[in-house]
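Fold and geometry: a report
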Amino acid sequence: MSARWPLSATVAAMEHRTLGRSGCIVSSYALGSMTFGAETGEATSQQMLDTFVEAGGTLVDTADVYAGGQSEEIIGSWLADRPADVTDRVVLASKARYATGSDSNDVGLSRRHLRRALEASLTRLRVEHIDLYQVHGWDPLTPLDETIAFLDDAVRAGQIGYWGLSNYTGWQIVEADARARAVGAAGPVTMQPQYNLLAREIEWEIVPACEHLGIGLLPWSPLGGGWLTGKYRADERPSGATRLGEDPGRGVEAYDVRASRPQGLKEFLPLLCSLCKS
(Lines give C-alpha, C1' and ligand atoms only; values in the text may rest on other atoms or scores of the structure.)
Protein backbone atom coordinates (compact mmCIF):
# COMPACT_ATOMS: atom_id res chain seq x y z
CA MET A 1 0.00 0.00 0.00
CA SER A 2 1.20 3.50 -0.76
CA ALA A 3 2.93 5.46 2.00
CA ARG A 4 0.92 8.57 1.06
CA TRP A 5 -1.84 8.04 3.61
CA PRO A 6 -3.31 9.82 5.48
CA LEU A 7 -4.39 12.24 2.80
CA SER A 8 -2.89 15.70 2.69
CA ALA A 9 -4.76 19.00 2.92
CA THR A 10 -4.85 19.24 -0.89
CA VAL A 11 -8.12 17.30 -0.82
CA ALA A 12 -10.02 20.43 0.18
CA ALA A 13 -8.60 22.37 -2.76
CA MET A 14 -10.33 20.32 -5.48
CA GLU A 15 -13.47 21.86 -6.97
CA HIS A 16 -16.58 19.71 -6.66
CA ARG A 17 -20.02 19.76 -8.28
CA THR A 18 -23.12 17.60 -8.61
CA LEU A 19 -23.18 14.61 -10.93
CA GLY A 20 -25.63 15.98 -13.46
CA ARG A 21 -29.08 16.50 -11.98
CA SER A 22 -28.41 14.00 -9.19
CA GLY A 23 -27.52 14.96 -5.64
CA CYS A 24 -24.23 13.06 -5.77
CA ILE A 25 -21.17 15.30 -5.38
CA VAL A 26 -18.06 14.56 -7.47
CA SER A 27 -14.73 16.21 -8.18
CA SER A 28 -14.70 18.45 -11.25
CA TYR A 29 -11.83 16.33 -12.56
CA ALA A 30 -12.39 12.65 -13.30
CA LEU A 31 -9.73 9.98 -13.73
CA GLY A 32 -10.24 7.95 -16.91
CA SER A 33 -8.71 4.49 -16.96
CA MET A 34 -8.83 3.32 -20.57
CA THR A 35 -5.07 2.69 -20.58
CA PHE A 36 -5.05 0.70 -17.31
CA GLY A 37 -3.90 -2.83 -18.14
CA ALA A 38 -2.94 -1.82 -21.68
CA GLU A 39 -0.34 0.92 -22.11
CA THR A 40 -0.25 1.45 -18.33
CA GLY A 41 0.76 -1.42 -16.04
CA GLU A 42 -0.90 -2.21 -12.73
CA ALA A 43 1.71 -0.58 -10.50
CA THR A 44 1.68 2.70 -12.43
CA SER A 45 -2.12 2.63 -12.70
CA GLN A 46 -2.45 2.33 -8.93
CA GLN A 47 0.05 5.15 -8.44
CA MET A 48 -2.15 7.30 -10.67
CA LEU A 49 -5.18 6.42 -8.56
CA ASP A 50 -3.27 7.30 -5.38
CA THR A 51 -2.16 10.65 -6.79
CA PHE A 52 -5.67 11.45 -8.02
CA VAL A 53 -7.44 10.85 -4.71
CA GLU A 54 -4.67 12.55 -2.76
CA ALA A 55 -5.34 15.68 -4.84
CA GLY A 56 -9.03 15.49 -3.91
CA GLY A 57 -10.31 13.61 -6.95
CA THR A 58 -13.29 11.34 -6.42
CA LEU A 59 -14.76 10.37 -9.80
CA VAL A 60 -13.05 7.30 -11.31
CA ASP A 61 -14.30 6.17 -14.73
CA THR A 62 -13.75 2.81 -16.43
CA ALA A 63 -15.56 0.37 -18.75
CA ASP A 64 -15.90 -3.38 -19.11
CA VAL A 65 -14.07 -3.39 -22.46
CA TYR A 66 -11.03 -1.38 -21.35
CA ALA A 67 -8.06 -3.72 -21.80
CA GLY A 68 -10.43 -6.66 -21.91
CA GLY A 69 -11.62 -6.07 -18.34
CA GLN A 70 -8.15 -5.53 -16.88
CA SER A 71 -8.88 -1.86 -16.16
CA GLU A 72 -11.74 -2.84 -13.86
CA GLU A 73 -9.61 -5.55 -12.25
CA ILE A 74 -6.80 -3.08 -11.47
CA ILE A 75 -9.26 -0.61 -9.95
CA GLY A 76 -10.86 -3.43 -7.98
CA SER A 77 -7.50 -4.49 -6.60
CA TRP A 78 -6.73 -0.89 -5.65
CA LEU A 79 -10.09 -0.48 -3.92
CA ALA A 80 -9.53 -3.67 -1.94
CA ASP A 81 -6.00 -2.65 -0.88
CA ARG A 82 -6.59 0.93 0.25
CA PRO A 83 -8.15 1.99 3.58
CA ALA A 84 -11.89 2.54 3.72
CA ASP A 85 -11.57 6.24 4.55
CA VAL A 86 -9.90 6.63 1.14
CA THR A 87 -12.04 4.35 -1.01
CA ASP A 88 -15.32 5.55 0.52
CA ARG A 89 -14.70 8.90 -1.19
CA VAL A 90 -14.52 7.32 -4.63
CA VAL A 91 -17.52 7.72 -6.92
CA LEU A 92 -17.14 4.75 -9.26
CA ALA A 93 -18.33 4.82 -12.87
CA SER A 94 -18.27 2.06 -15.48
CA LYS A 95 -19.88 1.30 -18.83
CA ALA A 96 -21.30 -1.53 -20.92
CA ARG A 97 -22.52 -2.06 -24.47
CA TYR A 98 -19.62 -3.28 -26.60
CA ALA A 99 -18.56 -6.86 -27.23
CA THR A 100 -17.14 -8.80 -24.30
CA GLY A 101 -17.14 -12.16 -26.08
CA SER A 102 -17.82 -13.90 -29.36
CA ASP A 103 -21.45 -14.87 -28.75
CA SER A 104 -24.18 -12.85 -30.45
CA ASN A 105 -25.56 -11.87 -27.04
CA ASP A 106 -22.18 -10.66 -25.75
CA VAL A 107 -22.83 -7.20 -27.13
CA GLY A 108 -25.54 -4.54 -27.09
CA LEU A 109 -27.98 -3.07 -24.60
CA SER A 110 -30.37 -5.99 -24.22
CA ARG A 111 -31.48 -7.02 -20.74
CA ARG A 112 -29.61 -10.30 -21.18
CA HIS A 113 -26.26 -8.71 -22.05
CA LEU A 114 -26.48 -5.85 -19.56
CA ARG A 115 -27.33 -8.23 -16.69
CA ARG A 116 -24.26 -10.35 -17.38
CA ALA A 117 -22.07 -7.32 -18.07
CA LEU A 118 -23.06 -5.64 -14.80
CA GLU A 119 -22.47 -8.79 -12.76
CA ALA A 120 -19.05 -9.24 -14.38
CA SER A 121 -18.09 -5.61 -13.71
CA LEU A 122 -19.13 -5.87 -10.06
CA THR A 123 -16.97 -8.98 -9.72
CA ARG A 124 -13.90 -7.42 -11.35
CA LEU A 125 -14.27 -4.22 -9.35
CA ARG A 126 -14.84 -6.22 -6.12
CA VAL A 127 -17.82 -4.10 -5.15
CA GLU A 128 -21.53 -4.64 -4.65
CA HIS A 129 -22.55 -1.29 -6.13
CA ILE A 130 -21.45 0.97 -9.00
CA ASP A 131 -22.32 4.62 -8.52
CA LEU A 132 -22.71 5.52 -12.21
CA TYR A 133 -23.41 2.86 -14.85
CA GLN A 134 -23.25 4.19 -18.40
CA VAL A 135 -24.47 2.73 -21.67
CA HIS A 136 -21.36 3.01 -23.83
CA GLY A 137 -23.14 3.71 -27.12
CA TRP A 138 -26.48 3.56 -28.92
CA ASP A 139 -27.89 0.12 -29.76
CA PRO A 140 -30.16 0.25 -32.83
CA LEU A 141 -31.37 -3.33 -32.32
CA THR A 142 -32.58 -3.27 -28.72
CA PRO A 143 -35.81 -1.42 -27.87
CA LEU A 144 -35.01 1.60 -25.74
CA ASP A 145 -37.69 0.62 -23.23
CA GLU A 146 -35.92 -2.71 -22.62
CA THR A 147 -32.63 -0.98 -21.81
CA ILE A 148 -34.29 1.61 -19.58
CA ALA A 149 -36.27 -1.08 -17.72
CA PHE A 150 -33.10 -3.00 -16.92
CA LEU A 151 -31.28 0.12 -15.71
CA ASP A 152 -34.24 1.16 -13.57
CA ASP A 153 -34.37 -2.33 -12.06
CA ALA A 154 -30.63 -2.15 -11.31
CA VAL A 155 -31.13 1.19 -9.54
CA ARG A 156 -33.99 -0.20 -7.47
CA ALA A 157 -31.98 -3.33 -6.64
CA GLY A 158 -29.10 -1.22 -5.35
CA GLN A 159 -26.61 -2.53 -7.91
CA ILE A 160 -26.14 0.94 -9.40
CA GLY A 161 -26.85 4.41 -8.09
CA TYR A 162 -27.46 6.25 -11.35
CA TRP A 163 -27.18 5.60 -15.04
CA GLY A 164 -25.82 7.69 -17.85
CA LEU A 165 -25.15 7.82 -21.57
CA SER A 166 -21.99 7.82 -23.65
CA ASN A 167 -21.45 8.63 -27.32
CA TYR A 168 -25.11 9.45 -27.97
CA THR A 169 -26.31 12.02 -30.48
CA GLY A 170 -28.60 14.89 -29.56
CA TRP A 171 -31.84 13.20 -30.60
CA GLN A 172 -30.83 9.95 -28.87
CA ILE A 173 -30.27 11.81 -25.60
CA VAL A 174 -33.68 13.46 -25.80
CA GLU A 175 -35.38 10.19 -26.72
CA ALA A 176 -33.76 8.25 -23.86
CA ASP A 177 -34.76 10.90 -21.34
CA ALA A 178 -38.31 11.15 -22.72
CA ARG A 179 -38.88 7.39 -22.64
CA ALA A 180 -37.64 7.15 -19.06
CA ARG A 181 -39.98 9.95 -18.01
CA ALA A 182 -42.89 8.34 -19.89
CA VAL A 183 -42.63 5.07 -18.00
CA GLY A 184 -41.75 6.61 -14.64
CA ALA A 185 -38.25 5.14 -14.60
CA ALA A 186 -35.00 6.62 -13.38
CA GLY A 187 -33.57 8.70 -16.23
CA PRO A 188 -30.01 9.41 -17.35
CA VAL A 189 -28.07 11.89 -15.23
CA THR A 190 -24.93 12.19 -17.37
CA MET A 191 -23.69 12.05 -20.93
CA GLN A 192 -20.07 11.25 -21.85
CA PRO A 193 -19.02 12.55 -25.28
CA GLN A 194 -15.68 13.34 -26.88
CA TYR A 195 -15.00 17.03 -26.31
CA ASN A 196 -11.85 19.12 -26.66
CA LEU A 197 -10.52 22.03 -28.69
CA LEU A 198 -10.03 19.72 -31.68
CA ALA A 199 -13.48 18.11 -31.45
CA ARG A 200 -16.20 20.64 -30.68
CA GLU A 201 -19.11 19.17 -32.65
CA ILE A 202 -21.12 18.46 -29.48
CA GLU A 203 -21.70 22.21 -29.13
CA TRP A 204 -24.22 22.08 -32.00
CA GLU A 205 -26.87 19.81 -30.47
CA ILE A 206 -25.55 17.67 -27.60
CA VAL A 207 -24.62 20.51 -25.24
CA PRO A 208 -27.96 22.34 -25.71
CA ALA A 209 -29.89 19.09 -25.22
CA CYS A 210 -28.03 18.28 -22.00
CA GLU A 211 -28.41 21.82 -20.68
CA HIS A 212 -32.14 21.72 -21.37
CA LEU A 213 -32.60 18.36 -19.64
CA GLY A 214 -30.22 18.97 -16.75
CA ILE A 215 -27.91 16.15 -17.82
CA GLY A 216 -24.28 16.53 -16.79
CA LEU A 217 -21.45 16.33 -19.33
CA LEU A 218 -18.41 14.14 -18.67
CA PRO A 219 -16.09 14.83 -21.64
CA TRP A 220 -13.69 12.13 -22.70
CA SER A 221 -10.36 12.91 -24.35
CA PRO A 222 -10.24 16.52 -23.09
CA LEU A 223 -6.61 16.78 -24.26
CA GLY A 224 -7.32 15.30 -27.68
CA GLY A 225 -5.51 12.03 -27.01
CA GLY A 226 -2.35 13.98 -26.14
CA TRP A 227 -2.41 16.37 -29.10
CA LEU A 228 -3.13 19.35 -26.84
CA THR A 229 -0.28 18.63 -24.43
CA GLY A 230 2.38 19.82 -26.85
CA LYS A 231 4.13 16.45 -27.09
CA TYR A 232 3.01 15.81 -30.70
CA ARG A 233 3.68 17.87 -33.81
CA ALA A 234 1.59 17.80 -36.97
CA ASP A 235 4.74 17.74 -39.11
CA GLU A 236 6.57 15.03 -37.15
CA ARG A 237 5.41 11.44 -36.79
CA PRO A 238 5.17 10.46 -33.08
CA SER A 239 7.79 8.17 -31.57
CA GLY A 240 8.91 7.03 -28.14
CA ALA A 241 7.01 5.83 -25.07
CA THR A 242 3.69 7.57 -25.66
CA ARG A 243 0.35 6.24 -26.87
CA LEU A 244 0.82 7.56 -30.39
CA GLY A 245 4.56 6.91 -30.31
CA GLU A 246 3.90 3.22 -29.75
CA ASP A 247 0.85 3.09 -32.04
CA PRO A 248 0.43 6.09 -34.40
CA GLY A 249 -2.84 4.62 -35.69
CA ARG A 250 -4.45 4.42 -32.26
CA GLY A 251 -8.09 5.45 -31.90
CA VAL A 252 -9.68 8.76 -32.82
CA GLU A 253 -6.42 10.56 -32.08
CA ALA A 254 -4.54 8.61 -34.79
CA TYR A 255 -1.67 10.64 -36.24
CA ASP A 256 -2.51 10.14 -39.92
CA VAL A 257 -6.12 11.14 -39.31
CA ARG A 258 -5.44 14.25 -37.25
CA ALA A 259 -2.36 15.45 -39.13
CA SER A 260 -4.07 15.21 -42.52
CA ARG A 261 -7.21 17.15 -41.64
CA PRO A 262 -7.64 20.33 -43.70
CA GLN A 263 -7.98 22.48 -40.58
CA GLY A 264 -4.62 24.23 -40.58
CA LEU A 265 -3.51 21.92 -37.77
CA LYS A 266 0.15 22.78 -38.25
CA GLU A 267 -0.65 26.45 -37.84
CA PHE A 268 -2.98 26.47 -34.86
CA LEU A 269 -1.85 23.41 -32.88
CA PRO A 270 1.05 25.29 -31.21
CA LEU A 271 -1.36 28.09 -30.28
CA LEU A 272 -3.86 25.64 -28.80
CA CYS A 273 -1.11 23.96 -26.80
CA SER A 274 0.04 27.28 -25.39
CA LEU A 275 -3.52 28.17 -24.42
CA CYS A 276 -3.97 24.81 -22.65
CA LYS A 277 -0.74 25.26 -20.72
CA SER A 278 -1.70 28.76 -19.65
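Treat the numbers as computed from the prediction; the structure is a model and nothing was measured.

Bringing the nonpolar core into the picture now. Ranked by size, the top nonpolar core spans 43 residues in total, and within it Ile75, Leu118, Tyr133, Ile160, Leu165, Ile173 and Met191 carry the most contacts. Apart from the residues within four sequence positions on either side, Ile160 is in contact with Leu118, His129, Ile130, Tyr133, Leu151, Ala154 and Val155.

This part covers the sheet that holds strand β3 (residues 30-32). Sheet strands associate in pairs through backbone hydrogen bonding, adopting either a parallel or an antiparallel arrangement. Strand order in this open sheet of 7 strands is β3-β4-β5-β6-β7-β8-β9, and the pairing throughout is parallel. Strand pairing shows two members of the sheet lacking a second neighbour, β3 and β9 (216-217), which therefore form its edges. Relative to strand β8 (residues 190-192), strand β7 (residues 160-166) runs parallel, the two sharing 2 bridges. For Ser166, the partnering residue across the bridge sits in β8 and is Gln192.

The end-to-end C-alpha separation of helix α1 (residues 42-54) is 18 Å, in line with the 18 Å expected for 13 residues at 1.5 Å each. Those residues of α1 lying buried are Ser45, Gln46, Leu49, Asp50, Phe52, Val53 and Glu54. Taken from the residues just after α1, Gly56 is the one with a positive phi, measuring 100 degrees.

Scanning all chains against the criterion turns up 2 aromatic pairs. Ring centres of Trp138 and Tyr168 lie 5.4 Å apart, and the angle between their planes is 75 degrees; this geometry places the pair in the edge-to-face category. Remark: Tyr168 occurs in the loop between β7 and α6 (170-182) and Trp138 occurs in the loop between β6 (130-135) and α5 (144-156); sequence separation between them is 30 residues. For Trp138, a relative accessible area of 23% gives the class partly exposed. For Tyr168, a relative accessible area of 3% corresponds to the buried category. Members of the aromatic cluster, connected to one another through ring pairs, are Trp138, Tyr168 and Trp171.

We now examine the environment of Leu218. For Leu218, the location among the structural elements is in the loop between β9 and α8 (243-246). Sequence separation between Leu218 and Pro193 is 25 residues; the distance between their C-alpha atoms is 6.8 Å. With sequence-adjacent residues up to four places away left out, Leu218 is seen in contact with Leu19, Leu59, Leu132, Gln134, Thr190, Met191, Gln192 and Pro193.

To continue, consider the side chain of Arg82. The topology assignment puts Arg82 in the loop between α2 (70-81) and α3 (84-87). For Arg82, a relative accessible area of 8% puts it in the buried group. At 2.9 Å, the side chain of Arg82 and the side chain of Asp50 are in polar contact.

Conventions used here
- Residues numbered from 1 in each chain as written.
- Predicted model: local features only at pLDDT ≥ 70, side-chain atom pairs only at ≥ 80, totals over all residues.
- Heavy atoms only, no water.
- Core = buried A, V, L, I, M, F, W, Y, C linked by side-chain atoms within 4.5 Å.
- Buried < 20%, exposed > 50% of the residue type's maximum accessible area, 1.4 Å probe, protein only.
- Contact = heavy atoms within 4.5 Å.
- Pairing = 2+ DSSP bridges.
- Helix = DSSP H or I, 4+ residues; strand = E, 2+ residues; numbered from the N terminus.
- Expected span 1.5 Å × (residues − 1).
- Phe/Tyr/Trp six-rings, centres within 6.5 Å; stacked < 30°, edge-to-face > 60°.
- Polar contact = N/O pair within 3.5 Å; in protein donor to acceptor, adjacent residues only side chain to side chain.

Scope: geometric values only; no functional claims are made or implied.
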